[in-house]
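Residue strings, one per chain:
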Amino acid sequence: SAVISQKPSRDICQRGTSLTIQCQVDSQVTMMFWYRQQPGQSLTLIATANQGSEATYESGFVIDKFPISRPNLTFSTLTVSNMSPEDSSIYLCSAVGGQSETQYFGPGTRLLVL
Amino acid sequence: QKEVEQNSGPLSVPEGAIASLNCTYSDRGSQSFFWYRQYSGKSPELIMFIYSNGDKEDGRFTAQLNKASQYVSLLIRDSQPSDSATYLCVVRAGGSYIPTFGRGTSLIVHP
């Protein structure tokens, strides 16, 4: 299994600012993803983080708002730009790896935008 | 559009009983099926995965898959209060790493 760490674990930010979330996996993984989860809701995929190239964004998410980097097989960052209160959510890093190609999740970053 | 349907619950069972969580999916090309448990305020953790029709057992958990009926279930035997959580059914099509998540079923195990 893959162990995923994220930082920060939580943050309170002012509207109009940006926050970068870091995700580190303890082993090389095939795929890395970023999700958002609103309270009481299921997970929404933001984008697939591609190593060394631009991320692949899902409908409703754009690079200018959520720039993503993945410089190597074990590390990725998600930036939430020009934040508004509607961006308050839990952001989860996820990775697919291992022989069974199962998906694992980081502990999440709880973001509150005031 | 690929859909994964789960009863949102809550499903309430007494301690020691069998909890049965059900899930249906729309994409017949689905190949991989996962059950995750998510405690409030925590991230999802993998319980089991199943790829073939039939049953797969792991401790108190049994996953059941019926591809013809597009149905997957999770049975939890000897339910404990610590099993109280939301259970997410996750389905992945063949050749894709992008999963489709159900909305989750809330399980409450009362003493």
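Our subject is the structure listed above.
So, a few notes on the structure that sits alongside this text.

Rules of the game
Residues numbered from 1 in each chain as written. Chains lettered and ligands numbered in written order. Predicted model: local features only at pLDDT ≥ 70, side-chain atom pairs only at ≥ 80, totals over all residues. Heavy atoms only, no water. Disulfide = S-S within 2.5 Å. Helix = DSSP H or I, 4+ residues; strand = E, 2+ residues; numbered from the N terminus. Buried < 20%, exposed > 50% of the residue type's maximum accessible area, 1.4 Å probe, protein only. Contact = heavy atoms within 4.5 Å. Polar contact = N/O pair within 3.5 Å; in protein donor to acceptor, adjacent residues only side chain to side chain. Phe/Tyr/Trp six-rings, centres within 6.5 Å; stacked < 30°, edge-to-face > 60°. Lys NZ or Arg CZ within 6 Å of the ring centre and 35° of its normal.

**Examining the state of the cysteines**
So, point 1. Using the criterion set out here, one finds two disulfides over all chains in the structure.
So, point 2. The side chain of C23 of chain B participates in a disulfide bridge whose partner is C89 of chain B; the two sulfur atoms lie 2.0 Å from each other. Of note, the bridge from C23 of chain B to C89 of chain B carries an S-S torsion of about -75° and is left-handed in sense. Taken together, the residues C23 of chain B in strand 3 (residues 19-25) and C89 of chain B in strand 9 (residues 85-93) connect sequence positions 66 residues apart. Summarising the burial analysis for this pair, C23 of chain B and C89 of chain B share the class buried.
So, point 3. Summary of cysteine pairing: C13 of chain A is not part of a disulfide, and the nearest cysteine sulfur, belonging to C23 of chain A, is at 18 Å.

**With respect to the environment of S79 of chain B**
All names here are of chain B.
So, point 1. Along the chain, S79 turns up in the loop between strand 8 (71-76) and strand 9.
So, point 2. It is 32 Å that separates the C-alpha atoms of S79 and Y97, two residues lying 18 residues apart in sequence.
So, point 3. If sequence neighbours within four positions are ignored, S79 has contacts with V13, P14, E15, G16, A17, I18, A19, R60 and V109.
So, point 4. From its side chain, S79 meets the backbone oxygen of A17 in a polar contact 2.9 Å long.

**Comments concerning the packing of aromatic side chains**
So, point 1. Inspection of the entire model under this criterion finds 11 aromatic pairs over all chains.
So, point 2. Here the aromatic rings of Y35 of chain A and F101 of chain B are separated by 5.4 Å at their centres, their planes lie at 75°, and the arrangement is edge-to-face. With Y35 of chain A in strand 4 (residues 31-37) and F101 of chain B in strand 10 (residues 99-101), this pair bridges two chains. Accessibility classification places Y35 of chain A together with F101 of chain B in one group, the buried group.
So, point 3. Through a chain of ring-to-ring contacts, three or more aromatic side chains come together here, namely F33, Y35 and F105 of chain A together with F34, Y36, F49, Y51 and F101 of chain B.
So, point 4. Above the plane of the ring of F49 of chain B lies K56 of chain B, whose end atom (NZ or CZ) is 3.7 Å from the centre.
So, point 5. Here the basic side chain of R60 of chain B rests over the ring of F61 of chain B, its NZ or CZ set 5.5 Å away from the ring centre.

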